[in-house]
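# Commentary on secondary and tertiary structure
Residue strings, one per chain:
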Amino acid sequence: MTQVIKRRVCPHALSQRLFLLCAATYIIGLFGRLSYSAVMVDLIASGSMDKTQAGLVGTALFIVYGVCQIFSGLIGDHISPKKLVFAGVLGSAVVNLGMGLSGSYGIMVALWSLNGVFQSLIWSPVARIFAEQLPPDQRKRACSNAAATYPLATVLTYLLASVMLSVLGWRSVFLISGVVMVAAAAYWFVRMSWFERMIAEQGEIETIELHHQENSRQQGGLMHLMIVSGVMMAAVTSMTHGMLRDGIQTWLPSLMTDNFHFGTSASVALDIILPLVNISGVFITKAIAKNHIKNELKGSAGFFAVTIVALSLLGFVCDSSAVASLVLLTVASTCMVGANIMLVNLMPIHFGAIGRASSVTGILNCAAYVGSALSSFGIGAVADSFGWTSAIWVWVAFSMLALLAALGGSGRWGRYERSIG
């Protein structure tokens, strides 16, 4: 038995503008998440916090964000993406303004925890727009290109921080981020309302055919869906991807400062250079995936294999060669861009046909930020107690776990992906 679903999607003539609106809003929304990590080195260097305390603030956001990703993903399949993104960006803006006005460590922990709630409302609805409102032939390309938003947002945030820290201090980074985000939230709501009207009036018709197999899997519930599709194993891999993606970005300045006596300004500069290189990872991944990657979990396994080699070598040189350390960390970080595209950007797009794109995005993003939380607090604690070499071998161990999980789930994912198209 076949169920036929028809829905309107964005006209091709407007689809690029819709993508740019989503990408630009997400980039500005990330200002509200990255602003703290951009000033963290300055807070540590000034003696306001030690590495463990600073990591705890970041961990507060990651834990709350990760847990809320599940709920935002679920409600994101039922509530207008326009409203959720607006609430997320505006709420995060208010929190950033509060961080800029506060000087209390306890208040900062509480505010940054709340920020995790608002930040969780942004990406899953955007992923749903890509999966359900863009024309079918543009969805994978949009999701792949969207992977560049995170490193681009990092570059912009750290450029802002590098200027503001030397001129007005760390508070100004939060305050300026908040003001820009308020403006972005208002523009998003107005512009997205216009796109909704255009799609309703002029949208192209997409026809979806769901056969009995797809209907049965959809009716089995979300947990059943995760098991039969391999998403459960992908979540384990995504956890380590988050641990490395955010962990390397967060702790690179501290590692270089501790082991090679880099100054604060030089450390911030490194945090700008790293994501610039990461952007190239988006295009490298797209080129490789186009001809060689047909199964996203196998693709992510390949990226983790390279990462394991890079981090293992790093474990031997992290306290003796600054150049080699930077090169190896850059290789690992760029590989995580590839893993991000495979796991968080491309896998969920296949679930748009059964109305589960936001839910699956939320689950995989939740797993990624569980890893981010572990890295933000745990790696700082390990580095404080046992040194950076031990912290790096912790990354290697989790990378091996991710590789095994990706390979273990690739068979199920391949079969499921072929069944839903």
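Residues numbered from 1 in each chain as written. Predicted model: local features only at pLDDT ≥ 70, side-chain atom pairs only at ≥ 80, totals over all residues. Heavy atoms only, no water.

## Here's the deal with the overall build of the protein
When helices and strands are counted, the protein shows 16 helices and two strands. At 21 Å, the protein has a C-alpha radius of gyration in line with the 22 Å of a compact globule built from 421 residues. Seen through its C-alpha atoms, the protein measures out along the principal axes to roughly 65 × 45 × 35 Å. By the burial criterion, 60% of the 421 residues in the protein qualify as buried. Long-range pairs, those at least 24 residues apart, make up 86% of the contacts in the protein with a sequence separation of at least 6. For the protein, the accessible area works out to roughly 15,700 Å², and carbon and sulfur atoms hold 68% of it. Taken as two groups, the 25 positive and 18 negative side-chain charges of the protein have centres that lie 8 Å from each other. (Helix = DSSP H or I, 4+ residues; strand = E, 2+ residues; numbered from the N terminus. Rg over C-alpha atoms; globule rule 2.2 N^0.38 Å. Buried < 20%, exposed > 50% of the residue type's maximum accessible area, 1.4 Å probe, protein only. Contact = heavy atoms within 4.5 Å. Areas by Shrake-Rupley, 256 points an atom, 1.4 Å probe, with all protein chains shown as cover. Lys, Arg positive; Asp, Glu negative; His and termini not counted. Charge placed at Lys NZ, Arg CZ, Asp CG, Glu CD.)

## A short note on the pattern of salt bridges
If you walk through the whole model with that rule in mind, you get two salt bridges. One salt bridge connects Glu-196 with Lys-82, and the closest N-O pair in it is separated by 3.2 Å. Of this pair, Glu-196 sits in helix α8 (residues 170-202) while Lys-82 sits in helix α3 (residues 81-101), and the two are 114 residues apart along the sequence. (Salt bridge = Lys/Arg side-chain N within 4 Å of Asp/Glu carboxyl O.)

## Quick word on helix α11 (residues 231-260)
With 30 residues, α11 should reach 44 Å at 1.5 Å per residue; the first-to-last C-alpha distance of 41 Å fits that figure. The largest bend in α11 amounts to roughly 45° and is located at Trp-251, with the proline Pro-253 lying one to four residues further along. Across the 30 residues of α11, 24 count as buried, placing the element largely inside the fold. One or two residues past the end of α11 sits His-261, with phi positive at roughly 60°. (Expected span 1.5 Å × (residues − 1). Bend = angle between axes of the 7 residues up to and from the residue.)

## Considerations on the nonpolar core
Ranked by internal contacts, the top residues of the largest apolar core, which has 128 residues, are Tyr-36, Trp-123, Phe-130 and Trp-395. Residues in contact with Phe-130, not counting those within four places in the same chain, are Phe-19, Cys-22, Trp-123, Arg-139, Ala-142, Cys-143, Ala-146 and Ile-349. (Core = buried A, V, L, I, M, F, W, Y, C linked by side-chain atoms within 4.5 Å.)

## Here's the deal with the confidence of the model for the protein
Here the protein averages 83 in pLDDT, and 91% of its residues register 70 or above. Of all secondary-structure elements in the protein, the lowest mean pLDDT belongs to helix α9 (residues 212-219), at 49, while α3 reaches the highest, 94. Low pLDDT, under 50, characterises residues 214-218; the predicted model gives this stretch 12 contacts beyond four residues in sequence or across chains. (pLDDT = per-residue confidence, 0-100.)

## Quick word on the packing of aromatic side chains
For the coordinates displayed, the defined rule picks out nine aromatic pairs. Pairing Trp-123 with Phe-130 gives two aromatic rings, centres 6.3 Å apart and planes at 70°, and the pair type is edge-to-face. For the pair formed by Trp-123 and Phe-130, the shared burial category is buried. The interplanar angle of 75° and the centroid separation of 5.1 Å between the aromatic rings of Trp-194 and Phe-195 together place this pair among those described as edge-to-face. Residue classification places Trp-194 among the partly exposed positions, given a relative accessible area of 22%. Among the residues examined, Phe-195 registers a relative accessible area of 1% and is labelled buried. Of the aromatic side chains, those joined through ring pairs into one cluster are Phe-19, Tyr-26, Trp-123 and Phe-130. The residue whose ring lies beneath Arg-191 is Trp-194, and the NZ or CZ to ring-centre distance is 4.5 Å. (Phe/Tyr/Trp six-rings, centres within 6.5 Å; stacked < 30°, edge-to-face > 60°. Lys NZ or Arg CZ within 6 Å of the ring centre and 35° of its normal.)

## As for the environment of Leu-30
Tracing the backbone through its elements, the reader meets Leu-30 in helix α1 (residues 12-45). Not counting chain neighbours up to four residues away, the residues in contact with Leu-30 comprise Thr-149, Tyr-150 and Ala-153.

## Remarks on the side chain of Glu-296
With respect to the secondary-structure elements, Glu-296 resides in helix α13 (residues 296-317). Although Glu-296 is buried, it makes no salt bridge; Lys-140 carries the closest opposite charge, 4.4 Å away. At 2.7 Å, the side chain of Glu-296 forms a polar contact with the side chain of Trp-413. Beyond its immediate sequence surroundings of up to four residues, Glu-296 is in contact with Lys-140, Met-342, Leu-346, Met-347, His-350, Trp-413 and Glu-417. (Polar contact = N/O pair within 3.5 Å; in protein donor to acceptor, adjacent residues only side chain to side chain.)

## Here's the deal with the environment of Tyr-369
Mapped onto the secondary structure, Tyr-369 falls in helix α15 (residues 357-386). It is 26 Å that separates the C-alpha atoms of Tyr-369 and Leu-313, two residues lying 56 residues apart in sequence. Residues within four places of Tyr-369 in sequence aside, it is in contact with Arg-33, Phe-62, Tyr-65, Gly-66, Tyr-150, Arg-245 and Asp-246.

## With respect to a nonpolar patch on the surface
Taken together, the side chains of Ile-63, Val-67, Ile-70, Phe-71, Leu-74, Ile-75 and Ile-79 present a nonpolar region at the surface, about 570 Å² in accessible area. Relative to the elements of secondary structure, Ile-70 occurs in helix α2 (residues 51-76). With a relative accessible area of 35%, Ile-70 lands in the partly exposed category. (Patch = residues over 30% accessible without salt bridge, like charges linked within 9 Å, V, L, I, M, F, W, Y side chains within 5 Å.)

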